[in-house]
Each structure stands twice: as C-alpha cells, then as structure tokens.
Amino acid sequence: MTKTSKKLIAGNWKMNGSQQHVAAFFQRLSQHTLPNTEIVVCPPSIYLPQAAQSLKALPQVKLGAQDVSAHLPGAYTGEIAASMLLEHDCRYVLVGHSERREYHQETDAQIADKFFAAKAAGLIPVLCVGETHAQRLAEQTNAVVVSQLSDILSRQGATAFDGALLAYEPVWAIGTGLTATPEQAEAVHLLLRETIDGYDSTVAERLSILYGGSVKAANAAALFKMPNIDGALVGGASLQAEEFLAICESNK
Ligand code: PGA
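Everything in this summary refers to the structure shown in the same document.

Rules and cut-offs
- Every chain is numbered independently, its residues counted from 1 as its sequence is written.
- Local features in this predicted model are restricted to residues whose pLDDT is 70 or higher, and side-chain atom pairs enter the listing and the counts only when it is 80 or higher, whereas totals over whole chains, interfaces and linings include all residues.
- Each side-chain value is worked out from all heavy atoms of the structure, with water and hydrogens disregarded.
- One heavy atom within 4 Å of a molecule or strand is enough for the residue carrying it to be called near that molecule or strand.
- Counting of polar contacts relies on pairs of N or O atoms within 3.5 Å, with two restrictions inside protein: one atom must be capable of donating a hydrogen and the other of accepting it, and residues adjacent in sequence are counted only when both atoms are side-chain atoms.
- Surface accessibility follows the Shrake-Rupley procedure with a 1.4 Å probe radius. Residue values consider only the protein chains on display as shielding.
- We count a salt bridge whenever a side-chain nitrogen from Lys or Arg sits within 4 Å of a carboxyl oxygen from Asp or Glu.
- Secondary structure elements are taken from DSSP: a helix is a run of H or I of four residues or more, a strand is a run of E of two residues or more, and numbering for both begins at the N terminus.
- In this description, strands pair whenever DSSP reports at least two bridges between them.
- An axis is simply a line fitted to the C-alpha atoms; with a helix, the fit covers only the stretch in contact. Between two such axes, the angle follows the N-to-C directions and lies from 0 to 180 degrees.

## Quick word on the site of the ligand
Taken together, 13 residues form the shell around the ligand, and within it Lys 14, His 97, Glu 169, Gly 175 and Ser 214 come nearest. One of the side-chain nitrogen or oxygen atoms of Lys 14 is found 2.7 Å away from an oxygen atom of the ligand. One nitrogen or oxygen atom from the main chain of Gly 235 is found 2.8 Å from an oxygen atom belonging to the ligand. When the free accessible area of the ligand is taken as 280 Å², the share hidden by the protein chains comes to 95%.

## A few points about the pattern of salt bridges
Two side chains with opposite charge may pair up if their charged atoms get near one another. All chains considered together, the criterion is met by eleven salt bridges. A salt bridge links Arg 100 to Asp 67; its shortest N-O distance comes to 3.3 Å. Here the residue Arg 100 occupies a position in helix H4 (residues 98-103), and Asp 67 occupies one in the loop between strand E3 (61-65) and helix H3 (82-87), the gap between them amounting to 33 residues. When the shortest N-O distance is used, the salt bridge between Arg 193 and Asp 230 registers 2.8 Å.

## Focus on the sheet that holds strand E1 (residues 8-12)
An order of E1-E2-E3-E4-E5-E6-E7-E8 is seen for the eight strands of this closed barrel, with the pairing classed as parallel. Between one strand axis and the next, the sheet turns by 25° as a mean value, whatever way the strands run. Here strand E6 (residues 165-168) pairs with strand E7 (residues 209-212) via three bridges, running parallel. By the bridge assignment for E7, Leu 166 is matched with Ile 209.

Scope: geometric values only; no functional claims are made or implied.
Written out as structure tokens, the structure reads:
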C-alpha cells in the first residue's frame, strides 16, 4: 500500500445493516461528488455481493471485510476464506479488531495467521492494534501496541507491512464517544511508524496508519491534521451516508 497525500477512510459497519440499508447507502454515495479520498466500506460479509453490485457504478469506493479465516478453503465450519472474499471484489480485510480479540479470544498469533492468509491471497490486511483503558492508565499503551505487531514482525519482518495498513484503535475510544485527542493519537502513530522504521525505513515511510475510535465529522479534521494520521477507521458514524461523507470530506 503506497502512502499518498490522500487520506484513506474505511467504514466498519460491524454487525449492522440490512439489504435495504446497503441499497440506500450506496445510492446516496452515488448521488454525491466524492472527495479526493480513498474510501473503503466493510459491511457484514453476507452483504458483500450486494455491495459489490452497487459499487460497479462507484469505482472509487472499495470493499473490505471485517474478518477472514486463517485457512485455505476446507473443513472450517462458519469461516470465510480470503479467496472467497476476493471473488466478491473485496480488496481489504480488517484483522485483529478489538471486538474479535475480546469476544473471540483471538491471539496475536492467530491474528498474524489471518494477516498472512489475507496477504497471500492478494487482500490488503488492516491490522488493528490498541490498548484498553486500564492499560493506558497503567502507562502500558506503548508496550501493548508494539507487542501487537511483534508476531508479524518476528515471522516476516517489516516487509510484511508492505501491502498492508495499520489502524490504531484505543479500545476505550471504540463506540464510547470518547476520542483520543489528536496529540494522543499522533504519539501512538509516531511510535508505530518508528517501530517499523527500526526494521525498514522505506516500508515505514509508505505505511498508512489509520486512527479509529469514535471518529465523526466533528473531530475528523483535527485528527487528519496530524502528520502520522493517514486516515480513519470509522465504526458507528460510517453507517449514516451523510456523516460518513462528511468525514471523507474532512481532509481539507
Ligand atoms: P466507533 O468504532 O467509530 O464506533 O468507535 C470504531 C471501530 O471499532 O472500528
């Protein structure tokens, strides 16, 4: 993933939406002159075929999935392989979202497996990292986010992040209305970039690092002014087309 001056805004719908919502959302996007931003929408996987159909008229908007199996197709009930996501025009996939870490006990090793499975199939993985409130209070933020990179770095080095994205999502800011201040977020983004830079400066320079956690139109512009914040991963506010578009337009 080559970093450009363009911000990348990804909407994570989580387990929300309906066929009607998919139709109305993309209809609204198609009526709008889209800003000079990379736009990614991650609906629940069952809506990817419908979304892919709607996006034929909106080539600027790309599709992402919220999770992927670490395995190749086979006897893994309930899972979806990276190759299947690609068949439905999916380009991106979130891995290691804190809700997967918390509710499905995903470990860094399993997340690394998913990351590599996505990359091997030709998807762009978006690795999500972030500390809990207790970890921030205990001043463990830096140690936590760096440790969440370490399985991937130890297995394939920094080149693993060529063709990938990072998303810093403090767990305490997700769905709570509490956003990290631009300065708090920038400090972690800089640390993430410096960590990768310790392995490979070219990869570090090119890497896009998104911020996530209660991003909305009212706070996006201040976050986007920070030098190491290359875009946003937006949950709740990505469900409303108008609000999502306003976030996408905040990079001015
Ligand atoms: P939020 O979610 O914007 O609703 O806080 C962000 C995310 O979980 O990706």
